[in-house]
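Below, each chain spelled out in residue letters.
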Amino acid sequence: MRFPISPTHIFRLALLAALALSSTASLAELRFEGAVVQGGLLVGHALPGSKVSVDGTSISVSGDGVFLVGFGREDTAPVEVVATAPDGSRVSATLTPAVREYDIQRIDGLPPGKVTPPNQAVIERIRREAGEINAARDRDDPRTDFAGGFIWPAKGRISGVYGSQRILNGQPRQPHYGVDVAAPVGTPVIAPAGGIVTFAHPDMYYSGVTVVIDHGQRLSSSFLHMSKATVTVGQRVEQGDKIGEIGASGRVTGPHLDWRMNWRDKRVDVALLVPPATESGETPN
Ligand SMILES: [Zn+2]
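Residues numbered from 1 in each chain as written. Predicted model: local features only at pLDDT ≥ 70, side-chain atom pairs only at ≥ 80, totals over all residues. Heavy atoms only, no water.

Asker: Explain the environment of Ser 227 here, please?
Answerer: Checked against the element boundaries, Ser 227 lands in strand E20 (residues 219–229). Residue classification places Ser 227 among the partly exposed positions, given a relative accessible area of 34%. Distance from Ser 227 to Gly 208, taken between C-alpha atoms, is 8.2 Å for residues 19 residues apart in sequence. The residues touching Ser 227, leaving out its near neighbours within four places in the chain, are Val 185, Gly 186, Val 209, Glu 245, Ile 246 and Gly 247. (Helix = DSSP H or I, 4+ residues; strand = E, 2+ residues; numbered from the N terminus. Buried < 20%, exposed > 50% of the residue type's maximum accessible area, 1.4 Å probe, protein only. Contact = heavy atoms within 4.5 Å.)

Here it is, written out as structure tokens:
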């Protein structure tokens, strides 16, 4: 199956799997909400007190059996989720992400200066900043702030989508992992779900004023290119709280918010988690 990428494209799939691996299994249930697709993020439900593994790696589960499974941009392999209930019974599900088609732009014949990598000092700065933001994401907090769902963090026109990529003079650039919302400088940016602010940087090379909110279980949202942040590290925010304002900081061509999300080492598509854009490509809030 192939899905074209589009900001209005959203689908949800509820999947029931009740394949008992143990002869002593009770009617243990494993249930998922979300899209089993590249960039998809699923909220899983197992029996309270269950332990859950994904391809053999144990992941966090709340006491009431809620956990996350995410798929990256290129993922094609089936993922095996195994839940072990307190009584030792096990259930499993095999999830194979549907393949998407991404917006790939090839631009050839550019003057070489346009595609030259940054100088050494800039490369070191980029590396240092990447280390700082990765360290902020490297926490496994049992909170389930994601469980209440997500709202758009800003009002505006969707100007960039997950997965798109430019190939300049044959050199592939890093794919775009966020969703861009274009709006005037100063437009409020609000928390799409509750969480803890784990990172706030005033001036990153690529992303300018940058904030990260941890939603629990290694799921975090990042907000890029703002004109200012109105939260500080360690602060608790609820869905809808203001966290900053749209700007044009970092390497951008105009004011917009880039909202992106990480689950463990996967980058997932935020557009699959919020109501679809309007016909004219605006966020619906
Ligand atoms: Zn962007």
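Asker: Can you walk me through the packing of aromatic side chains in this structure?
Answerer: In this description, an aromatic ring pair is defined by two values, namely the gap between the centres and the angle between the planes. On inspection of all chains with the given rule, the structure shows 5 aromatic pairs. Ring centres 6.1 Å apart and planes at 65° place the aromatic pair Trp 152 and Trp 259 in the edge-to-face group. Placement of Trp 152 in the loop between helix H1 (120–137) and strand E13 (157–160) and of Trp 259 in strand E23 (residues 256–263) is noted, with a sequence separation of 107 residues between them. Since its relative accessible area comes to 2%, Trp 152 is described here as buried. Owing to a relative accessible area of 1%, Trp 259 belongs among the buried residues under this scheme. (Phe/Tyr/Trp six-rings, centres within 6.5 Å; stacked < 30°, edge-to-face > 60°.)

Asker: Quick question: what am I supposed to make of the sheet that holds strand E12 (residues 104–107) here?
Answerer: Paired through backbone hydrogen bonds, the strands of a sheet run either parallel or antiparallel to each other. Judged by pairing direction, the sheet is mixed, and its 3 strands sit side by side in the order E12-E14-E15 without closing on themselves. Each having just a single partner strand, E12 and strand E15 (171–172) make up the two edges of the open sheet. Relative to strand E14 (residues 165–168), E12 runs parallel, the two being bridged by 4 bridges. The residue of E14 that forms the bridge with Ile 104 is Gln 165. (Pairing = 2+ DSSP bridges.)

Asker: In this structure, what is going on with the coordination of the zinc ion? I would like to understand it.
Answerer: Geometry sets the ideal angles at a metal, namely 109.5 degrees for four tetrahedral donors and 90 or 180 degrees for six octahedral donors. Protein coordination of the zinc ion is provided by His 176 (NE2), Asp 180 (OD), Asp 180 (OD) and Asp 258 (OD), with donor distances spanning 2.0 to 2.7 Å. In this structure, the zinc ion is surrounded by 4 donor atoms whose angles at the metal cover 52 to 151°, and the resulting shape is irregular. Counting residues between consecutive donors of the zinc ion along the chain gives the motif H-x3-D-x77-D. (Donors = N, O, S within 2.8 Å, 3.2 Å for Na, K, Ca; no water. Tetrahedral: all angles 85-135°; square planar, octahedral: opposite > 155°, others 65-115°.)

Asker: Honestly, the pairing of strand E10 (residues 90–95) in this entry has me stumped. Any pointers?
Answerer: Consecutive side chains of a regular strand alternate in pointing toward one face of the sheet and then the other. Both strand E9 (residues 79–84) and E10 contribute to a ladder of 6 bridges, which runs antiparallel. Bridging across to E10, Val 79 finds its partner in Leu 95. The hairpin turn running from E9 into E10, its antiparallel successor, is 5 residues long, and Gly 88 in that turn takes a positive phi close to 90°.

Asker: Mind showing me how you'd approach the pattern of salt bridges here?
Answerer: Throughout the structure, instances matching the rule amount to 18 salt bridges. The partner of Glu 129 in a salt bridge is Arg 125, and the shortest N-O contact between them spans 2.9 Å. Residue Glu 129 and its partner Arg 125 are both found in helix H1; the two are separated by 4 residues, about one turn of the helix. Residue Arg 218 is joined to Asp 138 by a salt bridge in which the shortest nitrogen-to-oxygen separation is 3.9 Å. Separated by 80 residues along the polypeptide, Arg 218 in the loop between strand E19 (208–216) and E20 and Asp 138 in the loop between H1 and E13 bring together distant segments of the chain. Overall, the relative accessible area of 23% leaves Arg 218 in the partly exposed class. Judged by its relative accessible area of 57%, Asp 138 falls in the exposed class. Salt bridges linked by common partners bring Arg 139, Asp 141, Arg 143, Asp 145, Asp 214, Arg 236 and Glu 238 together as one network. (Salt bridge = Lys/Arg side-chain N within 4 Å of Asp/Glu carboxyl O.)

Asker: In this structure, what is going on with empty space enclosed by the protein? I would like to understand it.
Answerer: Where empty space is left becomes clear once a probe the size of a water molecule has been rolled over the atoms. Tallied over the full model, the rule gives 1 cavity of 30 Å³ or more. As for the largest cavity, its lining consists of Ile 59, Ser 60, Leu 68, Gln 217, Trp 263 and Arg 264. Partitioning the lining of the largest cavity into residue classes produces 3 nonpolar, 2 polar and 1 charged. Lining the lining of the largest cavity are residues from two domains, each supplying at least three of them: domain 1 (2–100) and domain 2 (103–273). (1 Å grid on protein atoms, 1.4 Å probe; cavity = no way out; pocket = protein on both sides within 12 Å on 5 of 7 lines; lining within 4 Å. Points joined across faces, edges and corners; volume = space filled by probe spheres on them. Nonpolar A, V, L, I, M, F, W, Y, C, P; charged D, E, K, R; others polar. Domains from an automatic or database assignment.)

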